[in-house]
Amino acid sequence: MRVFVAVADAQSFAGAARLLKCSPAAVTRAVAALEQHLGARLLHRTTRSLRLSEAGERYVADCRRILAELDEADAVASGAHVDPQGELKITAPVLFGRIHMAPLLLDFLKEHPRLSARAMFVDRLVHLIDEGVDVALRIAHLPDSSLTALKVGTVRRVIVASPDYLARHGEPLSPDDLARHDAIGISTSGGPFTPWQFARPGAAHRDLHPAPTPRVQLTVNASEVAILAAKSGHGLVRTMSYQVAEDVARGHLRIVLADCEPVPVPVHLVHPEGRHAAAKVRAFLDFAAARLRAHPALNDVDPPRAQ
């Protein structure tokens, strides 16, 4: 199992051999013996590539869980269970990672000096099993899946602008007013600006409806750049509330059209191991959930506003 997981991680027999400090022939024999034992092909091999079969994708996830349990059993037997060990790999969106996860992770590592960590902050959906990630923070309504999710808060999709911009252009009182406003667009894919949608104020169901499109002179793929442009008075921008909570609290930005916002978005920590999570994962989940749940920006019924 360890050899097979190493092959899956390295995506090559030679790479796995280097990781395991053995010969490529030994790695090849071990995987072949495992496939013969199972009566199933785990890997599709060509002269140029190696990839997991459908059975291999399922089996590598089980292998990771079983091997983690074995490692933890060894640690418990040796008395090491009091201090989680090994490498923890986490992922989160870029801006959330900078604002929340990086400081949290540094404090966690101070408490657990025998742990190391790798943090991957990217604005894309990371496949936890394929990419060997232990814990992901996701800001979304999650679909049903085999992942275990731990809710740590909610955030809102808000529209903000600088006080200077609103003084010059007036505050939009309804989505229909957007036609006479400027905006900064955000498109993580690098595509064109996607028109905003809004809920009807006071409606029992928060169904979304289109609104007139503001004038969009600039579209960027990074929220931080769009927020900076809004603070400089270039127009309105729609962001997640946690991204601008500090600027709103300090009076650098003001929230508008709050009555027309979509429903809040849940924030979860997700991991693939369920009840059998390794000690390092359980320790991090307990630490991170307590910190995140206590943060006002993630319990965002109404974020702090400047007086």
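Residues numbered from 1 in each chain as written. Predicted model: local features only at pLDDT ≥ 70, side-chain atom pairs only at ≥ 80, totals over all residues. Heavy atoms only, no water.

Visitor: I'd like to hear about the confidence of the model for the chain, residue by residue, with values.
Guide: Atom-level detail of predicted coordinates should not be read off regions where pLDDT is low. Of all residues in the chain, 92% attain a pLDDT of 70 or more, and the chain-wide mean is 88. Scored below 50 in pLDDT, residues 303-307 makes 13 contacts in the model with residues more than four places away or belonging to other chains. (pLDDT = per-residue confidence, 0-100. Contact = heavy atoms within 4.5 Å.)

Visitor: Give me the lowdown on the layout of surface pockets, citing residues and values where you can.
Guide: If a probe the size of a water molecule is rolled over the atoms, the empty space left behind becomes visible. In this structure, the second largest pocket encloses a volume near 890 Å³. Surrounding the second largest pocket, 27 residues form its lining, I186, T188, S223, M240 and Q243 being those nearest its centre. Counting residues per element, the ones that place at least two in the lining of the second largest pocket are α5 (94-111), β8 (182-186), α7 (223-231), β12 (237-240) and α8 (241-249). Classifying every residue of the lining of the second largest pocket by side-chain character gives 14 nonpolar, nine polar and four charged. (1 Å grid on protein atoms, 1.4 Å probe; cavity = no way out; pocket = protein on both sides within 12 Å on 5 of 7 lines; lining within 4 Å. Points joined across faces, edges and corners; volume = space filled by probe spheres on them. Helix = DSSP H or I, 4+ residues; strand = E, 2+ residues; numbered from the N terminus. Nonpolar A, V, L, I, M, F, W, Y, C, P; charged D, E, K, R; others polar.)

Visitor: Go over the pattern of salt bridges, please, and point to the residues and values.
Guide: One pass over the structure, following the stated rule, counts 14 salt bridges. Salt-bridge contacts for R64 lead to D9; the nearest nitrogen and oxygen are separated by 2.8 Å. In this pair, R64 is assigned in helix α4 (residues 54-77) and D9 in helix α1 (residues 2-10), connecting sequence segments 55 residues apart. A salt bridge links R291 to D107; the shortest N-O distance between them is 2.9 Å. One end of the pair, R291, is in helix α9 (residues 279-293); the other, D107, is in helix α5, with 184 residues separating them in the sequence. (Salt bridge = Lys/Arg side-chain N within 4 Å of Asp/Glu carboxyl O.)

Visitor: Lay out the nonpolar core in plain terms, naming residues and giving numbers.
Guide: Counting 45 residues, the largest nonpolar core has M101, L137, I139, Y242, L269, F284 and L292 as the members making the most contacts within it. It is α9 that provides the largest number of residues to this core, a total of eight residues. Ignoring any residue separated from it by four or fewer positions in sequence, one finds L292 in contact with F96, H100, M101, L104, L137, V152, L269, L298 and N299. In this structure, V31, L42, L52 and Y59 belong to the second largest nonpolar core, which totals 20 residues. (Core = buried A, V, L, I, M, F, W, Y, C linked by side-chain atoms within 4.5 Å. Buried < 20%, exposed > 50% of the residue type's maximum accessible area, 1.4 Å probe, protein only.)

Visitor: Pulling in residues and values, what's your account of the packing of α1 against helix α3 (residues 24-38)?
Guide: Two quantities define a packed helix pair, namely the angle between the helix axes and the distance between the axes. It is the contact of α1 with α3, at a shortest axis distance of 9 Å, that shows an interaxial angle of 110°. Considering their axes alone, α1 and α3 lie roughly perpendicular with respect to each other. As α1 packs across α3, the resulting crossing turns out to be left-handed. Each of V3, F4 and V7 in α1 lies in contact with α3, whose residues at this interface are V27, A30, V31 and L34. (Axes fitted to C-alpha atoms, helices over the stretch in contact; angles between N-to-C directions. Parallel < 35°, antiparallel > 145°, perpendicular 65-115°, else oblique. Left-handed = near helix turned anticlockwise from the far one by under 90°.)

Visitor: Now, about the pairing of strand β5 (residues 135-139): what can you tell me, with residues and values included?
Guide: Strand residues, when the strand is regular, have side chains that alternate between the two faces of the sheet. Of all five residues in β5, five are buried, a share of seventy percent or more. Side chains of β5 alternate between two faces, with V135, L137 and I139 and A136 and R138 buried alike. With two bridges joining them, strand β3 (residues 86-92) and β5 adopt parallel strand pairing. Looking at β5, one finds that T91 is bridged to A136. (Pairing = 2+ DSSP bridges.)

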